[in-house]
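Observations on the model geometry
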Amino acid sequence: MELEKIFKDFLEKMTQLTLLQRSADNVFMKEIKALELYKNEREKQPDIDSKYVDLHNMFFRIAGTGEHYFYSHVDRSIEEKELSTYVHKNRQYQWILAEAYEEFEDFLEGIYACAAYHNHNLWPLGDFGNIRFQEIEGKNFKWFLEQAKRKKGGPKAIIKDLKKVLPIINDAESNNSLNIDLGFAIAMIEMFRHIIVHNGGRVKNKDDFSNKIFEKCGLSKKGQIADEYRNYILYFFGRDYFEDKILLLERPIDSGLPGHHKNIVDELNRYLMAYAHMVYIALDKYIKN
């Protein structure tokens with residue numbers, strides 16, 4: 001297995017997630033336009049009393065008798081339907097980001113396995129498991145990948161060990177052209193993924209949440225840089241309904257162009273790809289030299 005193929009496979013998976021995000025946005029725009037059209041039509045007919053436009057009956061069948069058990073009836077106004085549409089889109093975006101981070105973790109495991117497959121000295125002895133060193137010769141890539149997946153500490157430990165061999169990664173995290181500490185960006189996305197999967201994207205205490213991100217990436221919790229990154233974390237929360245939820249919907253950009261928006265999911269996914277590329281290039285040079 002070659003490093004380039006592992007990196008290209010990761011990019012292909014990110015391509016599919018990007019297409020999924022754009023498809024979700026297209027569906028959302030059609031739903032919002034339909035709601036706006038319906039709202040305009042209703043305003044032309046003031047004699048309509050009912051404010052509800054979205055009606056739902058919900059049931060399941062009782063196992064013993066087969067009878068229908070109606071457990072809920074929901075009536076929603078146009079405003080409630082609009083909010084629900086935004087909430088649904090945001091949840092789709094959250095899961096796209098969560099999946100992107102998981103693909104990034106798979107990439108790290110794959111490239112770490114490839115590193116030791118080509119050069120056994122790139123792994124600490126403990127990563128090889130209960131095996132004699134001379135028995136490692138002849139093992140295929142799949143064996144190394146299984147060992148990488150079992151590595152204690154997971155992807156975070158993989159990055160830590162790669163930095164020991166490739167200190168350029170550590171330097172490039174903070175000294176790059178992206179105007180962000182990539183170690184911080186990856187830790188933030190990891191925490192986003194965790195809260196999306198385990199708590200529906202809801203954060204109870206933003207200060208605690210921010211502090212955990214700083215702990216993960218080893219940045220100080222105090223100082224100007226910490227304040228800037230803390231504000232950046234808060235940027236991913238909204239107002240009202242979204243006040244305590246990770247908000248990944250597009251944001252309007254004051255560029256003078258009407259309808260110009262910033263793609264939040266794309267921005268975060270690009271950090272994952274930039275980091276993956278950085279690791280791939282550094283490791284590829286090391287192995288070839």
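Residues numbered from 1 in each chain as written. Predicted model: local features only at pLDDT ≥ 70, side-chain atom pairs only at ≥ 80, totals over all residues. Heavy atoms only, no water.

Examining the overall build of the protein
- Along its length, the protein carries nine helices and four strands.
- Reading the protein from its N terminus to its C terminus gives the helix and strand order α-β-β-α-α-α-α-α-α-α-β-β-α.
- Over its C-alpha atoms the protein spans a radius of gyration of 24 Å, topping by over 25% the 19 Å that the globule rule assigns to 289 residues.
- When the backbone C-alpha atoms are referred to their principal axes, the protein occupies close to 85 × 60 × 35 Å.
- Of all 289 residues assigned to the protein, the portion counted as buried reaches 41%. (Helix = DSSP H or I, 4+ residues; strand = E, 2+ residues; numbered from the N terminus. Rg over C-alpha atoms; globule rule 2.2 N^0.38 Å. Buried < 20%, exposed > 50% of the residue type's maximum accessible area, 1.4 Å probe, protein only.)

Let's talk about the packing of aromatic side chains
- For the coordinates displayed, the defined rule picks out 27 aromatic pairs.
- Counting every residue linked through ring pairs, the aromatic cluster contains Phe184, Phe192, Phe209, Phe214, Tyr229, Tyr232, Tyr235, Phe236 and Phe237.
- Sitting over the ring of Tyr241, Lys245 keeps its end group 4.3 Å from the ring centre.
- Between the NZ or CZ atom of Arg251 and the centre of the ring of Tyr235, over which it lies, the distance is 4.6 Å. (Phe/Tyr/Trp six-rings, centres within 6.5 Å; stacked < 30°, edge-to-face > 60°. Lys NZ or Arg CZ within 6 Å of the ring centre and 35° of its normal.)

Focus: the confidence of the model for the protein
- Put simply, the protein has an average pLDDT of 91, and 96% of its residues get 70 or more.
- Within the protein, the element-level pLDDT minimum falls on strand β1 (residues 52-61), averaging 86, and the maximum on helix α6 (residues 182-199), averaging 97. (pLDDT = per-residue confidence, 0-100.)

Observations regarding the layout of surface pockets
- Estimates place the volume of the largest pocket at around 540 Å³.
- Lining the largest pocket are 20 residues, with Tyr86, Leu249, Glu250, Arg251 and Pro252 positioned closest to its centre.
- Secondary-structure elements contributing two or more residues to the lining of the largest pocket are α1 (3-43), α2 (78-118), β3 (251-252) and β4 (261-262).
- In terms of residue count, the dominant contributor to the lining of the largest pocket is α1 (five residues).
- When grouped by side-chain class, the residues that make up the lining of the largest pocket number nine nonpolar, three polar and eight charged.
- Approximately 360 Å³ is the volume found for the second largest pocket.
- In terms of lining, the second largest pocket is formed by 18 residues, of which the most central are Lys156, Ile159, Lys163, Lys216 and Cys217.
- For the lining of the second largest pocket, the element with the most residues is helix α4 (residues 154-165), which contributes five residues.
- Looking at the lining of the second largest pocket residue by residue, the class counts come to nine nonpolar, two polar and seven charged. (1 Å grid on protein atoms, 1.4 Å probe; cavity = no way out; pocket = protein on both sides within 12 Å on 5 of 7 lines; lining within 4 Å. Points joined across faces, edges and corners; volume = space filled by probe spheres on them. Nonpolar A, V, L, I, M, F, W, Y, C, P; charged D, E, K, R; others polar.)

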